[in-house]
Amino acid sequence: MTNLLWVLIGAIGVLYWWHSGDYKGRARELASQYCAQHDLQLLDQSMVITAIWPKPGNSGGLALRRSYQFEFTSTGEQRYQGKLMLLGRQLKSIELEAYKLPEPD
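Criteria and thresholds
Residues numbered from 1 in each chain as written. Predicted model: local features only at pLDDT ≥ 70, side-chain atom pairs only at ≥ 80, totals over all residues. Heavy atoms only, no water. Helix = DSSP H or I, 4+ residues; strand = E, 2+ residues; numbered from the N terminus. Rg over C-alpha atoms; globule rule 2.2 N^0.38 Å. Buried < 20%, exposed > 50% of the residue type's maximum accessible area, 1.4 Å probe, protein only. Salt bridge = Lys/Arg side-chain N within 4 Å of Asp/Glu carboxyl O. Polar contact = N/O pair within 3.5 Å; in protein donor to acceptor, adjacent residues only side chain to side chain. Contact = heavy atoms within 4.5 Å. Pairing = 2+ DSSP bridges.

A. How the structure looks around the overall build of the chain. Looking only at helices and strands, the chain has 1 helix and 5 strands in total. Each helix and strand of the chain, placed in order from N terminus to C terminus, yields the pattern α-β-β-β-β-β. What you see for the chain is a C-alpha radius of gyration of 17 Å, clearly larger than the 13 Å of a compact globule of 105 residues, by over 25%. Dimensions of the chain, computed from C-alpha atoms along their principal axes, come out at roughly 70 × 30 × 15 Å.

This is the structure we're talking about:
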């Protein structure tokens, strides 16, 4: 019985690890689209997960809420921090650190 419990825990861990790459890719895609719409550049194509916790989902069941941090630039000179939250696969929010607007040409 104990071995079955450990196999189940291991299977859940592998399933989480397997799907976490999909969610990270989704977060990267959403951040990239947001940056493109606001004339910003997503730097390094990196997404760092900063938090994960269960929350009630839109359909009434539980979903995982994931928070990611990324870096962007507005002028190409300085790096700024951004934060993106997903509930399941849906975008809940994107927050950006205050950044310098590029000088008009």
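B. Structural detail: unusual backbone geometry. One non-glycine residue, Asp39, lies in the positive phi region at around 55 degrees. Mapping Asp39 onto the fold places it in the loop between helix H1 (2-37) and strand S1 (41-42). Exposure remark for Asp39: the relative accessible area of 65% places this residue in the exposed category.

C. View of the pattern of salt bridges. A full pass over the atoms with the stated rule returns 3 salt bridges. Residue Glu29 is joined to Arg26 by a salt bridge in which the shortest nitrogen-to-oxygen separation is 3.7 Å. Taken together, the residues span about one helical turn, with Glu29 and Arg26 both in helix H1 at a distance of 3 residues. Judged by relative accessible area, which is 40%, Glu29 ranks as partly exposed. Ionic pairing is found between Glu71 and Arg79, a salt bridge with its closest N-O pair at 2.5 Å. Through salt bridges with shared partners, a single network forms among Asp44, Glu71 and Arg79.

D. Structural context of the side chain of Thr73. Tracing the backbone through its elements, the reader meets Thr73 in strand S3 (residues 62-73). The class for Thr73 is buried, based on a relative accessible area of 4%. At 3.5 Å, the side chain of Thr73 and the backbone nitrogen of Thr75 are in polar contact. Engagement of the side chain of Thr73 in a polar contact is seen with the backbone nitrogen of Gly76, the distance being 2.9 Å. Apart from residues lying up to four places away in sequence, Thr73 is in contact with Leu40, Gln41, Leu43, Gln78 and Tyr80.

E. Region of the structure containing the pairing of S3. Here S1 pairs with S3 via 2 bridges, running antiparallel. Residue Gln41 lies in a different strand from S3, and its bridge partner there is Thr73. As paired strands, strand S2 (residues 48-56) and S3 are joined by 8 bridges and run antiparallel to one another. Bridged to Pro54 within S3 is Leu64. Once S2 ends, the chain turns through 5 residues before running back antiparallel as S3, passing Gly60 with a positive phi of about 95 degrees. The hairpin turn running from S3 into strand S4 (residues 80-87), its antiparallel successor, is 6 residues long, and Gly76 in that turn takes a positive phi close to 90 degrees.

Worth remembering: the numbers are spatial, not functional.
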